[in-house]
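Read off the chains here:
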Amino acid sequence: MSARSVEEHAAHISGLLTGLHTLSPSAVPTAEALGRITCSDIASPVDLPLFRNSQMDGYAVDAASVASVPTTLTVRGVIAAGSGKPPKHLPGSAFRIMTGAPLPEGADAVVPVEDTTGVTEHVVTIERGRSVGEFVRERGSDITAGMLLVTAGTHLEPRHIAALSAVGLASLDTYTKPRVAIITTGAELKSAGTTLEPGEIYDSNGPALATLAEANGADVVSVARSSDDPAEFRELLSYATSVADLVFTSGGVSMGDFEVVKETLTPLGAHFGHVAMQPGGPQGTAVVNEVPVLSFPGNPVSTMVSFEVFARGELRRAAGLPEIPRERLPLTAPLRSVDGKRQFLRARRTADGIELVAGPGSHLVAAMAWADALIDIPAAVTELGAGDLVDVLPLSTSSI
C-alpha cells in the first residue's frame, strides 16, 4: 500500500473530527470565563454608568450657585454610594457627596473637597466655582444599552471579565472546549521523578500532548499510560472514550512487535499506514465508541510534529481560536532533504531568517526546546540554498 500524502491524511482526519466543530456552546459564569472564547457578539443590556453619579468626593451643587466665589452654602445632608435615591437638590444649597454616589435631581456639578473651606456639618464655603457637568458622570457616558461590548471570537481576559460583570451579565455563551484524553504506550515508560531501571525512559509524550492540547483550546480530561498489554490498553481506551470527544495515543503503531495500539484497534476498523513525511511517518486513525482516536508514533519528536501538523488546527477551530498563520522566511544556510518525503525540520527564527537547530532524528527531543518553528519542505524538494524562501510553521505556544 502506497504512503498517503500529508494533505490526504490531514483531509482524512478533518473528516473524522467534524463532530468537534458542532459542539453546542457552553454557558459559563462570567467570573469563571477567563480564557474562554466568545461564540457571538455580546451587547450591553444596560447603560453604564447606570445613573448620574459623582466623580469625586465633594459637594453636589447647581453651577449657577457657585458662579461667584467664594460663597457659603447650606449643607442639606450627606449622600453615600449605595444609599438609595437622594432628596431633590435646592438651588443655593449643597449635599456632601461621595465618589460614585447618585447626584440629586437638580444638581449639575460637583465641587471637590479640596476646593472648599469652612466646612461644618451644616455649611461649606466654596472657593472655586465649577461649570455644568464638571465631575459628573452622566448615565450612559461609558456605554449605552444595546451597544456592542465584546465581539464574537474574543479570547476573554481580565479586562473583559470586568466590563461584562459591570453590566450585570452573570453568565456567557462561549465555545465549548473539546474534551481530550491521552494514552501513551510502552512498557519502558516511567513517570518523571522515579528511578529508572535498565532500558526504561521517562514519558515525555503524555505531558507534551496534554500541554499541546490545552494550549490550543482543549480541556484535557484524562492522561494515562499503558504497558504493552492489550487488556490494559483496552481498559484505558474504554475509559478515555467515555469521557472525551477526542483521544490521542502515542506509540504502538509501527511494524515491530508489541504494537499494542495497532493490535487492539485494527479489529475495530482502524486505519494504520505510512504518511510520506519525516518525522511522523507511521500514523493511525480509528473511531471507538463513536469517539475519534488519533494514533501517533511513539518517538517524542514524531508525536509532537504529528500534533502540530494534523491536530492543532482542528482543535483551534473547534475551540474558536484563530489559526496560527504560516510564515515565509529565508534560510540562513543551505540544506538537503529526503526525496519523496515531506520534511518538518526543527528550526529557530532569527533576525536573518530561519536556521536549523537539529538533524532529522525523531528521538532528538531536546532540540524541540531550542526550536520555535518547523520548516516545511515539500516532498519533491531535495536541496535548498541560503536565502531561499521556505514555509515556516510556528510552534504552539500557550499564548492563545
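Quick caveat: nothing in here was measured; it's all calculated off a predicted structure.

A. Focus on the pattern of salt bridges. Counted according to the given criterion, the structure contains 18 salt bridges. One salt bridge connects Asp-372 with Arg-349, and the closest N-O pair in it is separated by 3.4 Å. In this pair, Asp-372 is assigned in the loop between α7 (366-370) and β26 (373-377) and Arg-349 in strand β24 (residues 342-350), connecting sequence segments 23 residues apart.

B. Focus on the sheet that holds strand β18 (residues 271-274). Strand order in the open sheet formed by six strands is β16-β13-β17-β21-β20-β18, and the pairing between neighbours is mixed. The strands lining the two open edges of the sheet, one partner per strand, are β16 (219-226) and β18. Ignoring which end each strand starts from, the neighbouring axes of this sheet average 15° apart. On top of the sheet, helix α1 (residues 6-16) reaches β20 (282-288) and β21 (291-296); it is set at about 15° to β20, its chief contact.

C. Here's a closer look at the layout of surface pockets. Reported here for the second largest pocket is a volume of approximately 360 Å³. Lining of the second largest pocket is provided by 18 residues; of these, Glu-308, Val-309, Gly-313, Glu-323 and Arg-326 occupy positions nearest its centre. The leading source of residues in the lining of the second largest pocket is helix α6 (residues 300-319), at eight residues. A per-class count over the lining of the second largest pocket returns eight nonpolar, one polar and nine charged.

D. Spatial organisation of the nonpolar core. Val-180, Leu-246, Phe-248, Leu-294, Phe-307 and Leu-315 are the most contacted members of the largest nonpolar core, which totals 35 residues. The element best represented in this core is α6, accounting for eight residues. Residues in contact with Leu-315, not counting those within four places in the same chain, are Leu-20, Pro-178, Val-180, Ala-213, Asn-216, Ala-218, Leu-246, Phe-248 and Phe-307.

E. Highlighting the sheet that holds strand β7 (residues 109-112). The strand order across the open sheet built from six strands is β7-β4-β6-β5-β9-β8, with neighbouring strands paired in mixed fashion. The outermost strands of the open sheet, each flanked by one partner alone, are β7 and β8 (116-117). Both strand β5 (residues 71-79) and strand β6 (residues 93-97) contribute to a ladder of four bridges, which runs parallel. Bridging from a neighbouring strand, Val-78 pairs with Arg-96 of β6.

Reading the values: the criteria
Residues numbered from 1 in each chain as written. Predicted model: local features only at pLDDT ≥ 70, side-chain atom pairs only at ≥ 80, totals over all residues. Heavy atoms only, no water. Salt bridge = Lys/Arg side-chain N within 4 Å of Asp/Glu carboxyl O. Helix = DSSP H or I, 4+ residues; strand = E, 2+ residues; numbered from the N terminus. Pairing = 2+ DSSP bridges. Axes fitted to C-alpha atoms, helices over the stretch in contact; angles between N-to-C directions. Contact = heavy atoms within 4.5 Å. 1 Å grid on protein atoms, 1.4 Å probe; cavity = no way out; pocket = protein on both sides within 12 Å on 5 of 7 lines; lining within 4 Å. Points joined across faces, edges and corners; volume = space filled by probe spheres on them. Nonpolar A, V, L, I, M, F, W, Y, C, P; charged D, E, K, R; others polar. Core = buried A, V, L, I, M, F, W, Y, C linked by side-chain atoms within 4.5 Å. Buried < 20%, exposed > 50% of the residue type's maximum accessible area, 1.4 Å probe, protein only.

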